[in-house]
Amino acid sequence: MHYVEVNDAFLEHTGYERHEVIGHTGNELGIMFFPGERDLMLKQIKEQGNIRNLQFTYRMKFGENRIYLVSIEIIEMDNKSHLLHVCKDITDLKQAEAEINYLSYHDKLTGLYNRTFFEEELKRINTGRQLPLGLIIGDVNGLKLINDAMGHLEGDKVLIQAAEIFKKACRQEDIISRWGGDEFIVLLPRCDNDATLRVFERINESFISINSLPILINISLGMAIQNSLDRDMRDVIREAEEK
(Lines give C-alpha, C1' and ligand atoms only; values in the text may rest on other atoms or scores of the structure.)
Protein backbone atom coordinates (compact mmCIF):
# COMPACT_ATOMS: atom_id res chain seq x y z
CA MET A 1 0.00 0.00 0.00
CA HIS A 2 1.53 3.27 -1.09
CA TYR A 3 0.61 6.84 -0.23
CA VAL A 4 -1.46 8.68 -2.84
CA GLU A 5 -1.93 11.89 -0.81
CA VAL A 6 -1.03 13.36 2.58
CA ASN A 7 -2.01 16.65 4.17
CA ASP A 8 0.29 19.40 5.46
CA ALA A 9 -0.11 18.24 9.07
CA PHE A 10 1.34 14.83 8.13
CA LEU A 11 4.38 16.52 6.58
CA GLU A 12 4.81 18.83 9.56
CA HIS A 13 4.67 15.97 12.03
CA THR A 14 6.85 13.46 10.19
CA GLY A 15 9.40 15.87 8.73
CA TYR A 16 9.02 14.49 5.21
CA GLU A 17 8.51 16.46 2.00
CA ARG A 18 5.46 15.55 -0.06
CA HIS A 19 7.54 14.17 -2.95
CA GLU A 20 9.35 11.86 -0.52
CA VAL A 21 6.06 10.28 0.54
CA ILE A 22 3.74 10.06 -2.46
CA GLY A 23 4.13 6.77 -4.30
CA HIS A 24 6.00 5.12 -1.46
CA THR A 25 4.82 2.67 1.18
CA GLY A 26 5.00 2.99 4.92
CA ASN A 27 7.50 0.13 4.94
CA GLU A 28 9.79 1.96 2.53
CA LEU A 29 9.70 5.08 4.65
CA GLY A 30 9.98 3.12 7.89
CA ILE A 31 7.07 5.04 9.41
CA MET A 32 5.42 2.00 10.96
CA PHE A 33 8.55 0.86 12.73
CA PHE A 34 7.09 -1.96 14.83
CA PRO A 35 6.02 -4.95 12.68
CA GLY A 36 3.62 -6.24 15.33
CA GLU A 37 1.61 -3.01 15.24
CA ARG A 38 1.53 -3.04 11.45
CA ASP A 39 0.30 -6.66 11.42
CA LEU A 40 -2.38 -5.80 13.97
CA MET A 41 -3.55 -2.89 11.82
CA LEU A 42 -3.85 -5.03 8.69
CA LYS A 43 -5.56 -7.86 10.59
CA GLN A 44 -8.20 -5.58 12.07
CA ILE A 45 -8.89 -3.88 8.75
CA LYS A 46 -9.42 -7.26 7.08
CA GLU A 47 -11.66 -8.54 9.86
CA GLN A 48 -13.65 -5.40 10.72
CA GLY A 49 -13.22 -3.12 7.72
CA ASN A 50 -12.00 -0.20 9.86
CA ILE A 51 -10.02 0.86 12.89
CA ARG A 52 -11.21 3.09 15.70
CA ASN A 53 -8.75 4.88 17.99
CA LEU A 54 -6.02 2.28 18.26
CA GLN A 55 -2.62 3.28 19.60
CA PHE A 56 0.35 2.96 17.25
CA THR A 57 3.95 4.13 17.27
CA TYR A 58 5.15 5.95 14.15
CA ARG A 59 8.76 6.77 13.37
CA MET A 60 9.46 10.25 12.07
CA LYS A 61 11.92 11.01 9.26
CA PHE A 62 14.77 11.82 11.63
CA GLY A 63 14.29 8.80 13.88
CA GLU A 64 12.00 10.08 16.63
CA ASN A 65 9.19 7.76 17.70
CA ARG A 66 5.80 9.36 18.34
CA ILE A 67 2.64 7.73 19.67
CA TYR A 68 -0.59 8.24 17.74
CA LEU A 69 -4.22 7.37 18.16
CA VAL A 70 -5.21 6.03 14.74
CA SER A 71 -8.55 5.56 12.98
CA ILE A 72 -8.74 4.05 9.48
CA GLU A 73 -11.61 3.78 7.01
CA ILE A 74 -11.78 2.10 3.60
CA ILE A 75 -12.91 4.64 1.01
CA GLU A 76 -13.45 4.50 -2.76
CA MET A 77 -11.58 6.99 -4.92
CA ASP A 78 -11.16 6.82 -8.70
CA ASN A 79 -12.84 3.41 -8.65
CA LYS A 80 -10.17 2.07 -6.29
CA SER A 81 -10.21 1.21 -2.63
CA HIS A 82 -7.96 3.29 -0.42
CA LEU A 83 -7.25 3.50 3.30
CA LEU A 84 -7.99 6.85 4.89
CA HIS A 85 -5.81 7.36 7.99
CA VAL A 86 -6.72 9.91 10.67
CA CYS A 87 -4.05 10.21 13.35
CA LYS A 88 -3.85 12.17 16.58
CA ASP A 89 -0.49 12.67 18.29
CA ILE A 90 -0.83 11.62 21.96
CA THR A 91 2.89 11.34 22.78
CA ASP A 92 2.91 14.17 25.31
CA LEU A 93 -0.23 12.81 26.97
CA LYS A 94 1.25 9.31 27.27
CA GLN A 95 4.48 10.72 28.70
CA ALA A 96 2.52 12.75 31.25
CA GLU A 97 0.51 9.66 32.21
CA ALA A 98 3.71 7.65 32.59
CA GLU A 99 5.23 10.33 34.81
CA ILE A 100 2.13 10.52 37.01
CA ASN A 101 2.09 6.73 37.30
CA TYR A 102 5.80 6.70 38.17
CA LEU A 103 5.40 9.36 40.86
CA SER A 104 2.41 7.58 42.37
CA TYR A 105 4.59 4.55 43.18
CA HIS A 106 8.05 6.06 43.64
CA ASP A 107 9.69 8.28 46.19
CA LYS A 108 10.55 11.52 44.41
CA LEU A 109 13.80 12.13 46.29
CA THR A 110 15.47 8.71 46.13
CA GLY A 111 13.75 7.08 43.15
CA LEU A 112 12.96 4.02 45.29
CA TYR A 113 9.46 2.62 45.55
CA ASN A 114 7.26 4.41 48.06
CA ARG A 115 5.17 2.99 50.89
CA THR A 116 2.03 2.80 48.73
CA PHE A 117 3.79 0.56 46.20
CA PHE A 118 5.35 -1.54 48.94
CA GLU A 119 1.99 -2.28 50.53
CA GLU A 120 0.44 -3.16 47.16
CA GLU A 121 3.40 -5.34 46.21
CA LEU A 122 3.28 -7.06 49.57
CA LYS A 123 -0.21 -8.35 48.74
CA ARG A 124 0.97 -9.64 45.36
CA ILE A 125 4.19 -11.23 46.51
CA ASN A 126 2.87 -12.83 49.69
CA THR A 127 2.39 -16.28 48.14
CA GLY A 128 3.79 -19.71 48.77
CA ARG A 129 6.05 -19.70 45.72
CA GLN A 130 7.91 -16.64 47.06
CA LEU A 131 8.75 -18.27 50.39
CA PRO A 132 10.94 -17.94 52.28
CA LEU A 133 10.41 -14.19 52.15
CA GLY A 134 13.13 -12.10 53.74
CA LEU A 135 12.51 -8.63 55.11
CA ILE A 136 15.01 -5.96 56.17
CA ILE A 137 14.18 -2.62 57.77
CA GLY A 138 16.76 0.13 58.11
CA ASP A 139 16.50 3.37 60.08
CA VAL A 140 19.13 6.02 59.25
CA ASN A 141 20.55 7.46 62.46
CA GLY A 142 21.58 11.08 62.70
CA LEU A 143 19.31 12.43 59.97
CA LYS A 144 17.46 14.82 62.29
CA LEU A 145 20.79 16.16 63.57
CA ILE A 146 21.94 16.85 60.01
CA ASN A 147 18.63 18.48 59.09
CA ASP A 148 18.71 20.71 62.18
CA ALA A 149 22.40 21.61 62.04
CA MET A 150 23.06 21.81 58.30
CA GLY A 151 19.68 22.04 56.60
CA HIS A 152 17.40 19.66 54.76
CA LEU A 153 19.44 19.74 51.55
CA GLU A 154 22.28 17.99 53.38
CA GLY A 155 19.76 15.61 54.91
CA ASP A 156 18.46 14.82 51.44
CA LYS A 157 22.01 13.94 50.33
CA VAL A 158 22.18 11.41 53.16
CA LEU A 159 18.91 9.79 52.09
CA ILE A 160 20.01 9.64 48.45
CA GLN A 161 23.29 7.98 49.41
CA ALA A 162 21.44 5.57 51.70
CA ALA A 163 19.15 4.61 48.82
CA GLU A 164 22.20 3.90 46.63
CA ILE A 165 23.64 1.65 49.33
CA PHE A 166 20.42 -0.36 49.48
CA LYS A 167 20.28 -0.68 45.69
CA LYS A 168 23.87 -1.91 45.43
CA ALA A 169 23.51 -4.35 48.31
CA CYS A 170 20.26 -5.95 47.11
CA ARG A 171 19.42 -8.23 44.21
CA GLN A 172 17.60 -6.99 41.14
CA GLU A 173 14.43 -8.84 42.10
CA ASP A 174 14.33 -7.40 45.62
CA ILE A 175 11.80 -4.66 46.35
CA ILE A 176 13.37 -1.65 48.04
CA SER A 177 11.12 1.09 49.38
CA ARG A 178 11.44 4.26 51.34
CA TRP A 179 9.14 3.34 54.20
CA GLY A 180 9.14 6.69 55.98
CA GLY A 181 11.22 9.81 56.48
CA ASP A 182 14.47 8.08 57.43
CA GLU A 183 13.31 4.47 57.18
CA PHE A 184 13.84 1.96 54.38
CA ILE A 185 12.35 -1.50 53.92
CA VAL A 186 13.33 -4.37 51.63
CA LEU A 187 11.39 -7.45 50.56
CA LEU A 188 13.57 -10.36 49.42
CA PRO A 189 11.57 -13.06 47.59
CA ARG A 190 12.80 -16.66 47.87
CA CYS A 191 15.50 -15.61 50.32
CA ASP A 192 16.16 -17.71 53.43
CA ASN A 193 17.75 -16.56 56.66
CA ASP A 194 21.36 -17.01 55.48
CA ALA A 195 20.80 -15.21 52.17
CA THR A 196 18.92 -12.38 53.86
CA LEU A 197 21.69 -12.08 56.43
CA ARG A 198 24.27 -11.64 53.64
CA VAL A 199 22.30 -8.71 52.21
CA PHE A 200 21.85 -7.35 55.74
CA GLU A 201 25.62 -7.42 56.30
CA ARG A 202 26.39 -5.81 52.93
CA ILE A 203 24.11 -2.89 53.81
CA ASN A 204 25.61 -2.51 57.26
CA GLU A 205 29.21 -2.67 56.01
CA SER A 206 28.50 -0.08 53.32
CA PHE A 207 27.20 2.38 55.90
CA ILE A 208 30.24 1.81 58.10
CA SER A 209 32.54 2.68 55.18
CA ILE A 210 30.84 5.99 54.33
CA ASN A 211 33.28 8.87 54.71
CA SER A 212 31.95 11.44 52.23
CA LEU A 213 29.30 12.97 54.50
CA PRO A 214 29.88 15.96 56.81
CA ILE A 215 28.56 14.17 59.90
CA LEU A 216 29.19 10.53 60.74
CA ILE A 217 26.00 8.54 60.26
CA ASN A 218 25.05 4.91 60.62
CA ILE A 219 21.97 2.78 60.25
CA SER A 220 19.96 0.61 62.61
CA LEU A 221 18.98 -2.59 60.83
CA GLY A 222 16.55 -5.35 61.63
CA MET A 223 15.58 -8.46 59.68
CA ALA A 224 13.00 -11.21 59.82
CA ILE A 225 11.93 -14.15 57.67
CA GLN A 226 8.47 -15.33 56.69
CA ASN A 227 8.66 -19.10 56.25
CA SER A 228 4.94 -19.83 56.25
CA LEU A 229 1.80 -18.13 54.98
CA ASP A 230 0.24 -18.98 58.32
CA ARG A 231 2.21 -16.09 59.77
CA ASP A 232 0.79 -12.62 59.19
CA MET A 233 3.22 -10.40 57.31
CA ARG A 234 2.53 -7.59 59.77
CA ASP A 235 4.10 -9.77 62.47
CA VAL A 236 7.19 -10.22 60.29
CA ILE A 237 7.47 -6.44 59.84
CA ARG A 238 6.99 -5.92 63.58
CA GLU A 239 9.73 -8.42 64.36
CA ALA A 240 12.17 -6.65 62.02
CA GLU A 241 11.27 -3.28 63.55
CA GLU A 242 11.85 -4.57 67.08
CA LYS A 243 15.22 -6.04 66.10
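Here the structure is shown first, and the text comes after it.
Quantities reported herein were computed from a predicted structural model and do not represent experimental measurements.

**A few points about the pattern of salt bridges**
One pass over the structure, following the stated rule, counts 22 salt bridges. A salt bridge links E97 to K94, with the nearest nitrogen and oxygen atoms 3.5 Å apart. In this pair, E97 and K94 are both assigned in helix α5 (residues 91-105), 3 residues apart and thus about one turn of the helix distant. According to the relative accessible area criterion, E97 is partly exposed, its value standing at 38%. Counted as one network, the salt bridges with shared partners bring together E64, R66, D89 and D92.

**Brief notes about the sheet that holds strand β1 (residues 50-59)**
Spatially, the 3 strands line up as an open sheet ordered β1-β2-β3, and their pairing is antiparallel. Of all the strands in the sheet, the pair left with one neighbour each is β1 and β3 (80-89). Neighbour-to-neighbour, the strand axes of the sheet open up by a mean angle of 35 degrees, direction not taken into account. With 8 bridges joining them, β1 and strand β2 (residues 65-77) adopt antiparallel strand pairing. Residue N50 lies in a different strand from β2, and its bridge partner there is E73. Strand contacts of helix α4 (residues 35-48): β1, β2 and β3, with the helix running at about 165 degrees to β1, the strand carrying the most contacts.

**Remarks on helix α7 (residues 143-150)**
All buried positions along α7 are accounted for by L143, I146 and N147. In a view along the axis of α7, the buried residues occupy a sector of 100 degrees, so they form one face of it. In α7, the exposed positions angled more than 90 degrees off the buried face are occupied by K144, L145, D148 and A149. Where the residues of α7 are buried, they touch β4 (133-141) and α8 (152-169).

**Points about the layout of surface pockets**
When its volume is computed, the largest pocket comes out at roughly 1100 Å³. Secondary-structure elements contributing two or more residues to the lining of the largest pocket are α1 (8-14), α3 (26-29), α4, β2 and β3. Sort the elements by how many residues they give to the lining of the largest pocket and β3 lands first, with 9 residues. Considered class by class, the residues forming the lining of the largest pocket number 19 nonpolar, 10 polar and 4 charged. Quantified by volume, the second largest pocket comes out at close to 170 Å³. Around the second largest pocket, the lining residues are F118, E119, L122, K123, N126, W179, D232, M233, R234 and I237. Put simply, the parts of the chain that give the lining of the second largest pocket at least two residues each are α6 (115-125) and α10 (233-242). The biggest single contributor to the lining of the second largest pocket is α6, with 4 residues.

**Section: the packing of α8 against helix α9 (residues 193-208)**
For the pair α8 and α9, the least separation of the axes is 9 Å and the interaxial angle reads 145 degrees. Regarding α8 and α9, the two cross each other, and that crossing is right-handed. Two secondary-structure elements touch here, α8 through A162, I165, F166 and A169 and α9 through V199, R202, I203, S206 and F207. Looking at side-chain class alone, the contact of α8 with α9 contains 7 nonpolar, 1 polar and 1 charged residues.

The rules we used
Every chain's residues receive numbers from 1 upward, in the order its sequence appears when written. Whole-chain, interface and lining totals are the exception, using all residues; otherwise, since this is a predicted model, local features are given only for residues with pLDDT of at least 70 and side-chain atom pairs are given and counted only at 80 or more. To obtain the side-chain values, all non-hydrogen atoms of the structure were used and water was disregarded. For salt bridges, the criterion is a side-chain nitrogen of Lys or Arg within 4 Å of an Asp or Glu carboxyl oxygen. Strands are runs of DSSP state E lasting at least two residues, helices are runs of H or I lasting at least four, and both sets are numbered from the N terminus onward. Residue exposure (1.4 Å probe, protein chains only): buried if accessible area is under 20% of the type maximum, exposed if over 50%, otherwise partly exposed. Pairing between two strands requires that DSSP report at least two bridges joining them. Axis angles are defined between N-to-C directions and span 0 to 180 degrees, where every axis is a line fitted to C-alpha atoms and, for a helix, only to the segment in contact. The contact criterion used throughout is that any non-hydrogen atoms of two residues lie within 4.5 Å. Read the arc as the range of directions from the helix axis to the C-beta atoms. Cavity and pocket criteria rest on a 1 Å grid covering protein atoms alone: a 1.4 Å probe that fits but cannot get out defines a cavity, protein on both sides within 12 Å along at least 5 of 7 lines defines an open pocket, and an atom within 4 Å of a point defines a lining residue. Grid points are joined across faces, edges and corners, and a volume is the space filled by probe spheres set on the points. Put simply, Ala, Val, Leu, Ile, Met, Phe, Trp, Tyr, Cys and Pro go in the nonpolar bin, Asp, Glu, Lys and Arg in the charged bin, and everything else, Gly too, in the polar bin. Working rule for handedness: look at the near helix, and if it is turned counterclockwise from the far one by less than a right angle, call the crossing left-handed; if clockwise, right-handed.

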